[in-house]
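# Geometric and topological summary
What follows is the residue order along each chain.
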Amino acid sequence: VITKVKARQILDSRGMPTVEVDLHTNKGMFRASSPSGVSSGMYEAIDLRDGEKGTYLGNGVNRAVNNINEKISVALVGMDPTLQSQIDQVMIDLDKAENKSELGANAILAVSIAACKAGAAEKEVPLHKHIADLSGQTSLLLPVPVFTLISGGKHAGNNLAIQEIMILPVGSKTFEEALQMGSETYHHLKAVITETYGAHGCNVGEDGGFTPNISSLRDGLDLVQKAIGKTGYNEKIKIAVGVSATEFCIGTKYDLDFKTPNKSGQNFKSGQDMIDMYKELCADYPIVSIEDPFDKEDWEHVKYFSGLGLCQVVGDDLLMSNPKRIERAIQENACNALLLKVNQIGTVTEAIEVVKMAKDAQWGVVISQRSGETEDSFISDLSVGLATSQIKAGAPCRGERLAKYNQLLRIEEELGDQAVYISEKWRN
Ligand code: PGA
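Residues numbered from 1 in each chain as written. Predicted model: local features only at pLDDT ≥ 70, side-chain atom pairs only at ≥ 80, totals over all residues. Heavy atoms only, no water.

All right, on to the packing of aromatic side chains then. Remark: the centre distance and the inter-plane angle together describe each pair of aromatic rings, the angle taken between the planes. Enumeration over the complete set of coordinates arrives at 8 aromatic pairs. With a centroid separation of 6.1 Å and an interplanar angle of 70 degrees, the aromatic rings of Phe294 and Phe305 are classed as edge-to-face. Of this pair, Phe294 sits in the loop between strand E10 (287-291) and helix H8 (299-308) while Phe305 sits in helix H8, placing them 11 residues apart in sequence. In terms of burial, Phe294 and Phe305 fall into one category: buried. Among the aromatic residues, ring-to-ring pairing joins Phe248, Tyr254, Phe258, Tyr278, Phe294 and Phe305 into one connected group. Residue placement shows Arg325 over the ring face of Tyr43; its charged tip is 4.3 Å from the ring centre. Its end group placed over the ring of Trp299, Arg328 keeps NZ or CZ at 3.8 Å from the ring centre. (Phe/Tyr/Trp six-rings, centres within 6.5 Å; stacked < 30°, edge-to-face > 60°. Helix = DSSP H or I, 4+ residues; strand = E, 2+ residues; numbered from the N terminus. Buried < 20%, exposed > 50% of the residue type's maximum accessible area, 1.4 Å probe, protein only. Lys NZ or Arg CZ within 6 Å of the ring centre and 35° of its normal.)

We now examine the environment of Asp376. The topology assignment puts Asp376 in the loop between strand E13 (364-368) and helix H12 (378-385). A sequence separation of 25 residues divides Asp376 from Arg401, and the C-alpha atoms of the two residues are 9.5 Å apart.

Right, let's get into the sheet that holds strand E3 (residues 28-33). An order of E1-E2-E3 is seen for the 3 strands of this open sheet, with the pairing classed as antiparallel. At either end of the open sheet lies a strand with only one pairing partner, and these are strand E1 (2-11) and E3. For this sheet, the mean inter-axis angle between neighbouring strands, taken without regard to orientation, is 20 degrees. Here E1 pairs with strand E2 (residues 17-25) via 9 bridges, running antiparallel. Following the sheet pairing, Ala7 is matched in E2 by Val21. Of the strands in this sheet, E1 and E2 are in contact with helix H1 (residues 62-76), which crosses E1 at around 175 degrees. (Pairing = 2+ DSSP bridges. Axes fitted to C-alpha atoms, helices over the stretch in contact; angles between N-to-C directions. Contact = heavy atoms within 4.5 Å.)

A word on the pattern of salt bridges. Enumeration over the complete set of coordinates arrives at 25 salt bridges. Glu164 is the salt-bridge partner of Lys392, the closest N and O atoms lying 2.9 Å from each other. Separated by 228 residues along the polypeptide, Lys392 in strand E14 (residues 389-394) and Glu164 in strand E5 (residues 164-168) bring together distant segments of the chain. Judged by relative accessible area, which is 1%, Glu164 ranks as buried. The residue Glu291 makes a salt bridge to Lys392 at a minimum N-O spacing of 3.0 Å. (Salt bridge = Lys/Arg side-chain N within 4 Å of Asp/Glu carboxyl O.)

With that out of the way, let us pick up the UniProt feature "active site" (unreviewed entry) in the chain. Taking the UniProt record as the reference, the feature "active site" (unreviewed entry) is found at Asp207 and Lys341. Along the chain, Asp207 falls in the loop between helix H5 (175-197) and helix H6 (217-231). According to the relative accessible area criterion, Asp207 is buried, its value standing at 0%. With residues near it in sequence (within four places) discarded, Asp207 still touches Thr148, His155, Glu164, Gln369, Ser371, Gly394, Ala395 and Arg401. Within the secondary structure, Lys341 sits in the loop between strand E12 (337-340) and helix H10 (342-345). A distance of 2.9 Å separates the side chain of Lys341 from the side chain of Asp316, its partner in a polar contact. (UniProt positions renumbered as here; feature names shortened; annotations may be inferred. Polar contact = N/O pair within 3.5 Å; in protein donor to acceptor, adjacent residues only side chain to side chain.)

Moving on, we get to the sheet that holds E13. The 8 strands are arranged E4-E5-E6-E10-E11-E12-E13-E14 in a closed barrel whose pairing can be described as mixed. When strand polarity is set aside, the average angle formed by the axes of neighbouring strands in this sheet is 25 degrees. Direction of pairing for strand E6 (residues 238-242) relative to E10: parallel, over a ladder of 4 bridges. From the neighbouring strand, Val241 faces E10, where its bridge partner is Ile290. Running over the sheet, helix H11 (residues 348-360) touches E12 and E13 and is turned about 165 degrees from E12.

Structure follows, in structure tokens:
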């Protein structure tokens, strides 16, 4: 049973406070922490921050920590950690607010994940196996990693409006080989960028992607294509683009120069211009996936674009991992893949439910990091246990990103002959 729940404030990869929790049972101590992102909106679960301007610029999480130590711990001590949905429901009931703003989604998620780890230990099974059992999933799958190679948007200080250019090593036989392909491409890219933009073009953004001072997506895609060419892997590696268009949508226009000072205003695009641009890029590069190609409220263009069937269309800000938004998107065929950020929904049980919704609709599922991460690697086990086929955890570089990829290496090793890497079937 759960004997003690103790939380503290730690710092995330951006150096901002976040919540860490130690959940104790008779089997030992189980630790988990919450990530946090840049894009956050009214449909996602809310992180509780202290708002005291003099301390961590208002970003302290002591209120959330106290909520765990004083309220959540009292409610959970004595419970069986294998009963994940009951534990999550106790916290949801205690919070009362639909967006978890009373106790804080940062508080609730960290406890929910720690309880899940404790539940696995209680049953003496690996974490991914416990998650599979919780969700009724019978087969475990190693996902294709979606590596960020170039960062832009709100994740970087360059002029690139688009948030990230990523690669998927879909042609590898194992996860281990996929990680090697990602790492080699990353290092070739470093040399390619240095040639053209100098060493400072290889400074990295929030997720570890390089930040050459380009402003056009095409320039970034050319750099990545050149790096892939140097690896010799060629068609075994596909490209994905994370647009995050909500960040630069002004009214009905998209400002592709939103980060450029003294701009002329010529780079304002309509929704139709954006569609034309994506069509051309999909024809010219091996792009297999585009995330948030339009503003989160631009349902008209995203529906039309998805209908073209040019690539996987992933909903991140469009869906915010929110069941109501996902339901609407399924009804309206607005996209065909869910980007799941566990802290946007706030508990392991609700994460499992939305993944099921997406899978029932024959969608793809990408388990995702946040830009502000910790060394917690829970999402790796989540991805294997829920057999989600894709995981996006940033560049193959920086400790908080590698915590996730390295955990997948360990899981693959542990599964041995039973390990199935999804490879070319990543969209099914
Ligand atoms: P975030 O985005 O900044 O909202 O966490 C992360 C991502 O989409 O990878």
